[in-house]
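Spelled out, the chains give:
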Amino acid sequence: MVAIQTYNLTKQFGTLTAVNSLNLAIHKGTIFGLLGPNGAGKSTLLSMLCTILNPTSGTATVNGYDILTESEKVRQSIGIVFQSISIDDRLTGRENLKFHAMLYNVPEDKIAGRIDEVLALLELSDRADDLVRTYSGGMIRRLEMARGLLHHPHILFLDEPTIGLDPQTREHIWSYIQELTRKKKGDLTVLLTTHYMDEADLLCDEVAIIDKGQIIVRDTPGNLKQDLQGEKISFNMKSPEILASLLSDNPRICKVSTESGLLEVQVIHNGNIVQEIFDIAREAGIEIDHISIHESSMHDVFLHYTGKEIRKEEDDNFTSQYRKSRRRR
Ligand SMILES: Nc1ncnc2c1ncn2[C@@H]1O[C@H](COP(=O)(O)OP(=O)(O)OP(=O)(O)O)[C@@H](O)[C@H]1O
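Residues numbered from 1 in each chain as written. Predicted model: local features only at pLDDT ≥ 70, side-chain atom pairs only at ≥ 80, totals over all residues. Heavy atoms only, no water.

When helices and strands are tallied, the protein shows twelve helices and 15 strands. With the C-alpha coordinates aligned to their principal axes, the bounding extent of the protein is approximately 85 × 45 × 40 Å. Put simply, the protein has 329 residues, and 47% of those count as buried. Considering only residue pairs separated by 6 or more positions, the protein has 70% of its internal contacts joining residues 24 or more positions apart. Total accessible area computed for the protein in this model is approximately 15,900 Å², and 49% of it derives from carbon and sulfur atoms. Taking the average place of the 37 positive charges on the side chains of the protein and the average place of its 46 negative ones, the gap between the two points comes to 8 Å. (Helix = DSSP H or I, 4+ residues; strand = E, 2+ residues; numbered from the N terminus. Buried < 20%, exposed > 50% of the residue type's maximum accessible area, 1.4 Å probe, protein only. Contact = heavy atoms within 4.5 Å. Areas by Shrake-Rupley, 256 points an atom, 1.4 Å probe, with all protein chains shown as cover. Lys, Arg positive; Asp, Glu negative; His and termini not counted. Charge placed at Lys NZ, Arg CZ, Asp CG, Glu CD.)

Okay, the site of the ligand next. Every one of the 13 residues lining the ligand counts as a neighbour, but Gly39, Lys42, Ser43, Thr44 and His195 are closest to it. Gly39 is positioned with one of its backbone polar atoms (N or O) 2.8 Å from an oxygen atom of the ligand. Measuring from an oxygen atom of the ligand, one finds a side-chain N or O atom of Ser43 at 2.7 Å. Of all the elements in the fold, those that place two or more residues in the shell around the ligand are strand S2 (16–22) and helix H1 (42–49). The biggest single contributor to the shell around the ligand is H1, with three residues. For the shell around the ligand, a count of residues per class yields six nonpolar, six polar and one charged. (Near = heavy atom within 4 Å. Polar contact = N/O pair within 3.5 Å; in protein donor to acceptor, adjacent residues only side chain to side chain. Nonpolar A, V, L, I, M, F, W, Y, C, P; charged D, E, K, R; others polar.)

Let's shift gears to the packing of aromatic side chains. In this structure the tally under the stated criterion is one aromatic pair. Their ring planes at 70° and their centres at 6.3 Å tell us that Phe235 and Phe278 sit as a pair that is edge-to-face. Of this pair, Phe235 sits in strand S12 (residues 232–237) while Phe278 sits in helix H10 (residues 273–283), placing them 43 residues apart in sequence. Classification of Phe278 as partly exposed rests on a relative accessible area of 29%. A cation sits over an aromatic face here: Arg170 above Tyr196, 3.8 Å from the ring centre. (Phe/Tyr/Trp six-rings, centres within 6.5 Å; stacked < 30°, edge-to-face > 60°. Lys NZ or Arg CZ within 6 Å of the ring centre and 35° of its normal.)

Following the criterion strictly, the structure yields 13 salt bridges and no others. For Asp116, the salt bridge is made with Arg94, and the minimal N-O distance between the two is 3.0 Å. Pair noted here: Asp116 is in helix H4 (residues 108–121) and Arg94 is in helix H3 (residues 93–103), with a separation of 22 residues, a long-range link. With a relative accessible area of 42%, Asp116 lands in the partly exposed category. In this structure, the salt-bridge partner of Glu206 is Arg218, at a minimum N-O distance of 2.8 Å. Here Arg218 lies in strand S11 (residues 214–219) and Glu206 lies in strand S10 (residues 206–211), a separation of twelve residues in the sequence. Judged by relative accessible area, Glu206 falls into the buried class, the value being 15%. Connected via shared salt-bridge partners are Arg94, Asp116 and Asp129. (Salt bridge = Lys/Arg side-chain N within 4 Å of Asp/Glu carboxyl O.)

To continue, consider the packing of helix H5 (residues 137–149) against helix H6 (residues 167–183). The contact between H5 and H6 brings their axes to 10 Å, and the two run at 15°. Between H5 and H6, the interaxial angle falls into the category roughly parallel. The handedness of the crossing between H5 and H6 is right-handed. Across from Gly138, Arg141, Arg142, Met145 and Leu149 in H5, the residues of H6 making contact are Thr169, Ile173, Tyr176, Ile177 and Leu180. A class-by-class count of the residues in the contact of H5 with H6 yields six nonpolar, two polar and two charged. (Axes fitted to C-alpha atoms, helices over the stretch in contact; angles between N-to-C directions. Parallel < 35°, antiparallel > 145°, perpendicular 65-115°, else oblique. Left-handed = near helix turned anticlockwise from the far one by under 90°.)

A separate point is the sheet that holds strand S13 (residues 253–259). The antiparallel open sheet is built from four strands, whose spatial order is S13-S14-S12-S15. The sheet is open, and its two edges are formed by S13 and strand S15 (288–293), each paired on a single side. For this sheet, the mean angle separating the axes of adjacent strands, direction not counted, is 20°. Here S12 pairs with S15 via five bridges, running antiparallel. Bridging across to S15, Ile233 finds its partner in Ile293. Along the sheet, helix H9 (residues 240–247) contacts S12, S13, strand S14 (262–267) and S15; its crossing angle with S13, the most-contacted strand, is approximately 165°. (Pairing = 2+ DSSP bridges.)

What follows is about the layout of surface pockets. Any space left empty among the atoms is revealed by the rolling of a water-sized probe across them. Empty space within the largest pocket amounts to approximately 200 Å³. In terms of lining residues, the largest pocket is bounded by Leu228, Glu231, Lys232, Gln266, His294, Ser296, Asp300, Leu303 and His304. Examining the composition of the lining of the largest pocket, we find that three residues originate from one element, helix H11 (residues 298–306), more than from any other. Considered class by class, the residues forming the lining of the largest pocket number two nonpolar, four polar and three charged. (1 Å grid on protein atoms, 1.4 Å probe; cavity = no way out; pocket = protein on both sides within 12 Å on 5 of 7 lines; lining within 4 Å. Points joined across faces, edges and corners; volume = space filled by probe spheres on them.)

On to the state of the cysteines, then. A complete count under the given rule lists zero disulfides for this structure. No disulfide involves Cys50; its nearest neighbouring cysteine sulfur is the one of Cys204, lying 16 Å away. (Disulfide = S-S within 2.5 Å.)

On to the side chain of Thr92, then. Its location among the elements puts Thr92 in the loop between strand S7 (78–81) and H3. Apart from the residues lying within four places of it in its own chain, the contact partners of Thr92 are Ala128, Asp129, Asp130, Leu131 and Val132.

Here it is as structure tokens:
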């Protein structure tokens, strides 16, 4: 069953195409991650799916409702937690939730029960009646998630759910998200954007790497890493330059580099290239002392498909944006 389906979904801002004729199906009950560099089009895609932004062309269905013709039904069936903090810190956690429940027309007689339910789910019950300004960043994020779940949505949209949070809090939030989808037994789909490779790797069932408004690749983190497995191989030997020159024209090798006592090759398809290199070395009378096959990470996957590193400055930039948005309130 499909929770979200896009049909040539496109968004242009003037001459800039932020989302480019995108076709994507997201299965029900999964945690799906959109990964991409700054400006890739992730937030624009999310905003269109949440009916905050109209597409220039194409359309999508969310929970079976068309974003253009059934936007009200889409909104009632989704929960949204976006980057900018929209919780009022002059109110308590419970008051914020009550306000949201009224906005979303949760029936009066159900409001108190629903609030208790989501507070318990995100382990905020004991701080529910404290002012939000006394909460930590992680607690505010959890309260926002609780708010997003209050009206029992079938899809939760999370834009950078753990941005600017410390590693321990981020791991807690991941556990909450995983626990939520498990408890809802297939009735909750989570679509999130992230810059964090570990978040994509450890939290998401599936990941799509998006760049320049298009999906470059989509698979489970495990498969994405597996496909690159053995892409980089290091050989220790006495004079690596000789073997490097013998391999330089090999069509299965895209890059050869040497350092003292070390030869590194980047291969296009691993196959039996290791054996081939051993054979070439033996014929040339070169002895290989040690070989190590580099284990792929999501960083390698990202670099492979986008040609870009997620730079530390980008992470820092996001962290400072988050802090600024907290200070502004
Ligand atoms: N309202 C807007 N007006 C003009 N251009 C916009 C607008 N919103 C987004 N863009 C542009 O569209 C492109 C995609 O932006 P978007 O925010 O969707 O990217 P993103 O992948 O979410 O980036 P980030 O990771 O930095 O949040 C960018 O070039 C951005 O500058």
